[in-house]
Amino acid sequence: MNLKKHLFILLLFVANICLSQTYNTQKGVEFSIKLIVEGKENGQRINNADVYVGGNFFRYSQIYGHYIIKAKVGDELRVSHPDFETVYYTIKSDEEIKILVEGYIENAKYSSKRKIISKVTDFYMLHIDSAKFYKEKNIEKSLSFIEKALKGKQPRERNASTYKLLGDIYLYWKQYDLAVNNYKLSIQINKEKIIKFSLAKTLFLKGDLAAAETVFKALEKERLNYYDKIIVFEGLADIYFKNKSYNKAILNYNNALTIAKENVVTPKITDLNSKIAEVYAAQGKVVKATERYKNSLNLAQKENVKRALKEEEKVADFFNSNSRFDEEIKLRKESLKKTELSLNPKKNIKNDPDSITSQKINYKIGKAYIQKEAYKEAIPFLKKSIKDADVKKDIIIQKDATRRLSEVYASVGEYDKALKSYQEYVDLVDKLYIRKEQEIQQVKRFSKKISDNQNRIASLEKDKELAQSKISLAYIDQRLSEESNQRQRLIIYSLIGGFLLMCLLAYFMFRNIKQQKLANNLLALKSMRSQMNPHFIFNALNSVNSFIAVNDERNANRYLSEFSVLMRSVLENSDEDFISLSKEVSLLELYTKLEHNRFKEKFEYSIFVDENINLKQFSIPPMLLQPYIENAIWHGLRYKKEKGFLEIAITKKDEETVKITIKDDGIGRKKSQEIKTNNQLKQKSKGMSTIQNRIAILNDMYKERIVVKVSDVNANQEGTVVELLLKKK
């Protein structure tokens with residue numbers, strides 16, 4: 001009993017695992033996956049690779065000792081690193097993934113020919129990791145580590161990765177020209193898709209729309225996963241929207257949206273609905289824009305607060321542009337609640353022009369009340385905006401809100417407050433002017449520092465003059481090796497081509513021989529049919545002659561009439577290799593009837609056809625069975641003293657085969673041979689030998705469709721039975 005109980009529990013456990021696995025591998029369901037990246041030769045874990053899934057970056061977990069990624073079935077995993085070729089992998093389930101990298105040795109020193117010299121201290125990856133760490137914090141430090149990483153001779157994969165990272169740093173700090181130059185330099189070394197995507201994005205931000213469109217269209221022709229296709233369509237649509245080609249923009253946004261829905265890429269579904277709404281709004285299609293904004297708003301609220309605030313801000317601006325102030329105010333108040341719950345108002349954060357803050361929302365609510373001339377309702381929101389802006393050092397919003405407040409006080413007749421607010425506004429303008437001057441000076445110093453860093457980075461390879469020349473000279477050995485390999489490949493391809501040509505020639509020769517053999521077989525069959533027809537006619541005329549010899553004119557006329565019908569049918573089928581079995585049965589019935597009329601006193605006969613057989617589905621060479629029946633009558637039954645019996649039966653052996661039996665109780669083959677005259681022995685019968693040759697040729701041509709077996713009925717060698725197996729056509 002306990003054993004049964006344990007087995008039942010085990011089965012439930014296994015079933016639960018299977019159901020869990022089934023659920024996790026459903027399309028659109030996101031799950032966590034353990035990812036291990038390690039060297040194949042030494043099993044060493046790699047913890048500084050760049051791991052991306054669906055546009056999201058995942059870091060190595062020092063606690064767990066592996067990467068933890070979130071993905072869905074069908075997502076493409078990309079693992080890249082300066083020291084090995086990028087690995088792509090399609091997610092199939094939530095099982096652990098292990099990526100084995102060949103030739104990876106940590107802290108290895110490399111030569112220009114990509115050969116490991118020795119395992120010594122190599123600071124390259126330390127410099128790269130430091131550059132990534134300071135990327136969004138301190139551009140000077142980040143660039144200084146890039147400069148160190150580029151010193152010395154490094155493999156081409158490392159240089160490509162370094163220039164790509166340098167482009168990423170400049171892109172973050174909005175130095176688009178420098179970012180474009182470094183991305184192009186990286187692509188010259190390594191034409192990876194990820195770098196091309198970064199280049200296209202940067203060209204768009206730079207405003208070079210034609211160049212960005214060219215890169216996106218080139219990417220469209222490459223082998224892309226579904227997420228990359230979404231990015232390409234979205235990028236092209238952004239360009240067309242910027243160029244006011246609205247129909248093209250809508251088409252490409254919808255293409256991206258279709259792929260995003262099919263693969264349940266929720267963030268992109270939200271973004272694309274929002275962007276389509278923007279296009280409709282630009283076209284003046286307010287109803288369609290409202291519908292799309294409604295979709296994007298619902299989707300954004302299901303994601304997270306930050307995304308919801310961003311979308312609510314966009315929709316509220318849309319309401320404002322269409323003078324739908326009540327809807328705008330209602331939506332901004334909802335945003336204000338989210339902002340107050342999610343952010344610490346006392347925290348002094350860095351001002352970002354694109355960030356959604358309480359001071360901005362309060363200011364825009366106040367502005368909307370002013371636009372609908374509800375001045376008193378605007379005052380508390382403008383005051384709150386000024387207060388929050390002062391705490392968070394957002395002088396721009398503080399200035400604008402103060403000016404608006406002054407105008408509101410003037411509109412409601414509170415001129416003292418209006419004057420005071422205006423004076424505060426003037427003071428804020430002076431402060432802002434001073435700050436702008438300081439910012440301009442900072443930007444100048446910032447630009448100079450960046451320029452100095454870039455010049456130092458460029459001077460590292462000064463000996464090679466231009467970047468392209470630098471790369472060409474650094475890898476000249478590799479080019480020579482590639483040229484040598486190309487020549488070797490050319491020789492190998494030539495040998496393979498010669499071999500294939502010989503195979504083709506042999507094939508044509510074989511086909512010609514086969515066709516010639518077929519032609520010979522067809523000619524032989526035609527010749528045999530031409531032999532069968534005179535043989536049959538000769539025997540039939542002998543039968544007519546026998547009637548005439550005994551002055552039986554009536555039977556002779558009847559026999560000739562029936563014989564002419566038989567001959568017409570025989571001649572009609574004389575050019576065919578096969579006729580339907582139903583036609584052959586009709587011919588046999590007519591022939592047997594004719595022979596029975598002549599030898600009534602010698603035999604009786606019966607013809608049985610199984611009703612379950614569809615005779616039209618089977619085909620048989622014409623006049624194949626007639627010689628066997630003729631032999632049974634002329635050489636078996638005719639010499640028997642008492643009256644004999646001929647039995648013809650067609651029965652079903654299986655679904656593909658019928659069995660044809662011709663059975664007589666005559667004197668048998670041995671006795672028939674003994675009583676033949678000397679003259680008959682000299683004139684060798686052509687009928688049976690011809691029919692055997694026909695069967696042999698037909699079986700050779702049609703793969704053993706006909707099998708014939710001739711045997712004695714009785715042990716004393718009397719009687720003969722012919723069994724013929726016929727397969728379906």
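Cut-off values and rules
Residues numbered from 1 in each chain as written. Predicted model: local features only at pLDDT ≥ 70, side-chain atom pairs only at ≥ 80, totals over all residues. Heavy atoms only, no water. Pairing = 2+ DSSP bridges. Helix = DSSP H or I, 4+ residues; strand = E, 2+ residues; numbered from the N terminus. Axes fitted to C-alpha atoms, helices over the stretch in contact; angles between N-to-C directions. Contact = heavy atoms within 4.5 Å. pLDDT = per-residue confidence, 0-100. Core = buried A, V, L, I, M, F, W, Y, C linked by side-chain atoms within 4.5 Å. Buried < 20%, exposed > 50% of the residue type's maximum accessible area, 1.4 Å probe, protein only.

Moving on, we get to the sheet that holds strand E3 (residues 56-58). Spatially, the four strands line up as an open sheet ordered E3-E2-E6-E7, and their pairing is antiparallel. Lying at the two open borders of the sheet, with one neighbouring strand each, are E3 and strand E7 (84-90). With direction set aside, neighbouring strand axes in the sheet form an average angle of 20 degrees. Looking at chain direction, strand E6 (residues 76-81) and E7 are connected through five bridges and run antiparallel. What sits directly across from His-81, in E7, is Phe-84.

Next up on the list: the sheet that holds strand E17 (residues 720-727). Spatial ordering of the open sheet is given by E12-E14-E15-E17-E16, a layout of five strands whose pairing is mixed. Strands at the two margins of the open sheet, each flanked by one partner only, are strand E12 (603-609) and strand E16 (706-712). Each strand of the sheet is rotated relative to its neighbour by a mean of 15 degrees, with strand direction disregarded. Where helix H22 (residues 626-637) meets the sheet, its contacts fall on E12, strand E14 (644-654), strand E15 (657-664), E16 and E17, and the angle it forms with E14 comes to roughly 150 degrees.

This part is about the confidence of the model for the chain. Averaged over the chain, the pLDDT score is 79; the fraction of residues at 70 or greater is 79%. Across residues 463-468, where pLDDT falls below 50, the model places six contacts with residues more than four positions away in sequence or in other chains.

With that settled, consider the nonpolar core. Counting 66 residues, the largest nonpolar core has Ile-146, Leu-199, Phe-216, Ile-230, Val-232, Tyr-253 and Leu-272 as its most contacted members. It is helix H8 (residues 226-242) that contributes the most residues to this core, nine residues altogether. With near-sequence residues (within four places) excluded, Leu-272 lies in contact with Ile-230, Glu-234, Tyr-253, Ala-256, Leu-257 and Ala-260. Core analysis: the next-biggest nonpolar cluster, separate from the first, contains 42 residues, Leu-594, Phe-618, Ile-660 and Leu-724 among them.

With phi around 60 degrees, Lys-174 is a residue other than glycine that occupies positive phi space. Lys-174 sits in the exposed class, given a relative accessible area of 57%. Even without being glycine, Val-264 reaches a positive phi, approximately 55 degrees.

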